[in-house]
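Remarks on the overall topology
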Amino acid sequence: TARSALEMLLRLGSMLARRGLHAASARFAAAPALRLGRSRALSTAPVDDEMEDDIDVDGVAYGFMASQALFAGLELGIFDAIAAAGGSVDLPSLQRSSGVTAPRLQTLLTALVASKALRRSRDGAYDLSPNAARFLVSSSRHFYGDYLKLQIGRQFYHRMGALTDVMKTGEAPSYASWFSDPEVAATYTRAQHNGSVATAKALLKRMAGSVSLDGASKMLDVGGGSGAFSYVFTGKHPQLSSQILELPEVCATGNTIRAEQPADVQQRVSFSELDATSPDWPVPDGEYDLVLMSYISGSVPEPVVGALYANAYKALKPGGRLLVLET
């Protein structure tokens with residue numbers, strides 16, 4: 001219910017705020033107990049005389065509250081509203097900008113202050129923390145709030161609730177079945193795009209001086225999503241063209257993003273519909289100077305991984321490069 005959700009947010013704010021006081025005093029034994037059901041210690045975070053690498057049980061168990069507060073702040077435009085006003089925004093102004101006039105908005109803001117995304121002055125005005133201003137404001141060049149809001153908040157977060165069942169049964173929906181829904185595929189692909197562009201640019205910087213693509217003319221981007229890596233790579237290397245293999249609904253969204261790229265990049269990047277777990281890829285053998293697989297090995301069933309790499313190897317020209325990016 002709305003009331004129970006508010007109570008959880010209040011507990012989050014209380015817990016985090018008291019934790020800050022506890023850390024400052026470094027006196028775990030003297031800290032007051034936080035009552036959540038039954039009386040117990042305020043915090044399970046390691047203290048000075050304990051092992052630094054021990055689990056902070058409360059930090060892990062209650063972390064979902066802070067995540068949801070962050071996602072709600074993004075969905076309601078809280079961070080953009082404060083940035084647009086130049087900071088020091090009061091509660092009534094944020095109520096007007098978000099369309100939430102009930103007192104519950106202040107509860108959300110309290111949670112965001114407790115998690116250090118926002119800062120509150122003595123007179124009740126709200127400002128952004130440095131990281132919130134850098135990463136959570138849509139006008140920032142480092143913004144990836146769309147990824148957090150759309151992909152993590154709307155899609156992945158709820159699916160993680162089935163983790164225990166997946167562990168017990170080994171059954172989980174495949175990307176092919178999940179992305180058969182055009183809206184799901186579009187949301188995922190759009191959300192992933194900005195973060196993937198930044199990752200692709202960082203990868204090119206890391207490769208500079210050690211891996212040269214100057215002689216490469218054909219690239220195969222396996223499971224390339226929006227095409228972010230292909231756009232970055234072909235934009236940097238004008239002699240390079242790229243073919244992206246992706247699921248049909250992802251290709252549809254990818255083509256709309258491709259249309260937003262410079263004309264010469266559009267001409268050198270194409271999409272082909274394929275489930276990468278398929279045993280046969282619609283590409284000729286020995287055709288490509290570079291095969292790129294980014295974040296795909298961990299996204300397919302384990303028995304498929306061997307065939308995935310075998311197909312990539314077959315697609316390469318003699319002396320070609322297989323580029324794998326995983327974290």
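1. Some remarks on the overall build of the chain
Along the backbone of the chain there are 15 helices and 7 strands. A buried classification covers 39% of the 327 residues belonging to the chain. When contacts within the chain are restricted to residue pairs at least 6 apart in sequence, long-range pairs at least 24 apart make up 64% of them.

2. Structural notes on the side chain of S226
Within the secondary structure, S226 is located in the loop between β3 (218-222) and α12 (228-236). Under the relative-accessibility criterion, S226 is labelled buried at 4%. One polar contact links the side chain of S226 to the main-chain amide nitrogen of A228, over a distance of 3.3 Å. S226 has contacts with T189, H193, Y231, G254, I257 and F271, leaving out every residue within four places of it along the chain.

3. Considerations on the packing of helix α3 (residues 63-75) against helix α6 (residues 104-114)
Any two packed helices are characterised by how steeply their axes cross, that is the angle between the axes, and by the distance between the axes. The interhelical angle for the contact between α3 and α6, taken along N-to-C directions, is 120°, at an axis separation of 9 Å. On the basis of the axis angle, α3 is oblique to α6. When the axes of α3 and α6 are compared, the crossing they make is left-handed. Side by side, α3 and α6 meet where A69, L70, A72 and G73 of the first sit next to L108, A111 and L112 of the second.

4. Notes on α3
Counting along an α-helix, one turn takes 3.6 residues, and residues three or four places apart therefore face a common direction. In this model α3 runs 19 Å from its N-terminal to its C-terminal C-alpha over 13 residues, within 8% of the 18 Å that 1.5 Å per residue would give. Restricting attention to buried positions, one finds in α3 the residues M65, A69, F71, G73 and L74. G77 sits one or two positions beyond α3 and adopts a positive phi of about 75°.

5. A closer look at the packing of α3 against helix α8 (residues 145-159)
Where α3 meets α8, the closest approach of the two axes is 9 Å, and the angle between their N-to-C directions is 130°. Judged on the interaxial angle alone, α8 and α3 are oblique. Note on packing geometry: the crossing formed by α3 with α8 is left-handed. On α8, the residues touching F64, S67, Q68, L70, F71, L74 and E75 of α3 are G145, L148, K149, I152, G153, R154, Y157 and H158.

6. Brief notes about the nonpolar core
The biggest cluster of nonpolar side chains holds 24 residues, and the ones touching the most others in it are F79, I82, L94, L105, L109 and L118. Broken down by secondary-structure element, the contributors of at least two residues to this core are α3, α4 (78-84), α5 (91-98), α6 and β2 (126-128). For this core, the element with the most residues is α6, which contributes 5 residues.

7. Regarding unusual backbone geometry
A positive phi angle, near 55°, is found at S88, a position not held by glycine. With respect to the secondary-structure elements, S88 resides in the loop between α4 and α5. The exposure class assigned to S88 is exposed, which follows from its relative accessible area of 52%. Phi angles above zero are rare outside glycine, and K116 is one such case at about 75°. Along the chain, K116 turns up in the loop between α6 and β1 (118-120).

8. Details of the confidence of the model for the chain
Summary statistics for the chain give a mean pLDDT of 83 and a share of 82% for residues scoring 70 or more. Note that pLDDT drops below 50 for residues 20-42; the model gives that stretch 27 contacts with residues more than four away or on any other chain.

9. Regarding the pattern of salt bridges
Considering all chains together, one arrives at 5 salt bridges under this definition. Between E75 and R154 there is a salt bridge, with its nearest N and O atoms 2.8 Å apart. With E75 in helix α3 and R154 in helix α8, this residue pair connects regions lying 79 residues apart in the sequence. R268 is the salt-bridge partner of D264, the closest N and O atoms lying 3.1 Å from each other. Linking D264 with R268, this pair stays in helix α14 (residues 263-268), spanning 4 residues, or about one helical turn.

10. A short note on the pairing of β3
β3 sits mainly inside the fold: 4 of its 5 residues count as buried. As paired strands, β3 and strand β4 (residues 241-246) are joined by 5 bridges and run parallel to one another. Directly across from M219, in β4, lies its bridge partner S242. Following the backbone out of β3, through α12 and into the adjacent parallel β4, one traces a crossover that is right-handed. In the sheet, β3 pairs with strand β6 (residues 288-294) via 4 bridges, with the strands oriented parallel. Counted as the bridge partner of V222 is M293 from β6.

Thresholds applied
- Throughout this description, residue numbers start from 1 for each chain and increase along the sequence as written.
- Since the coordinates come from a predicted model, pLDDT governs what is reported: local features require at least 70, and pairs of side-chain atoms require 80 or more to be given and counted, while whole-chain, interface and lining totals use all residues.
- The basis for every side-chain value is the complete set of non-hydrogen atoms in the structure, without hydrogens or water.
- In this description a helix means any DSSP run of H or I spanning at least four residues, a strand means any run of E spanning at least two, and both kinds are numbered starting from the N terminus.
- Only protein chains enter the area calculation, which uses a 1.4 Å probe; residues under 20% of their type maximum are buried, those over 50% are exposed, and those in between are partly exposed.
- In what follows, a contact means two residues having at least one pair of non-hydrogen atoms within 4.5 Å.
- Here a polar contact is recorded for every N or O atom pair within 3.5 Å, except that within protein the pair must consist of a potential hydrogen donor and a potential acceptor, and residues adjacent in sequence are included only if both atoms are side-chain atoms.
- A fitted line through C-alpha atoms represents every axis, and for helices the fit uses only the stretch in contact; the resulting angles, taken between N-to-C directions, go from 0 to 180 degrees.
- Throughout, the term roughly parallel applies to angles under 35 degrees, roughly antiparallel to angles over 145, roughly perpendicular to angles from 65 to 115, and oblique to all others.
- When the near helix sits turned anticlockwise from the far one by under a right angle, the crossing is termed left-handed; a clockwise turn instead gives a right-handed crossing.
- Each helix should span, by expectation, one fewer than its residue count multiplied by 1.5 Å.
- Buried Ala, Val, Leu, Ile, Met, Phe, Trp, Tyr and Cys residues form a nonpolar core when they are joined through side-chain atoms within 4.5 Å.
- As a per-residue measure, pLDDT reflects the predictor's confidence and takes values from 0 up to 100.
- Whenever Lys or Arg places a side-chain nitrogen within 4 Å of a carboxyl oxygen from Asp or Glu, that contact is recorded as a salt bridge.
- Two strands form a pair only when DSSP identifies at least two bridges running between them.
- Place the viewer so that the strands point away; then a crossover is right-handed whenever the path from the first strand over the helix to the second strand goes clockwise.

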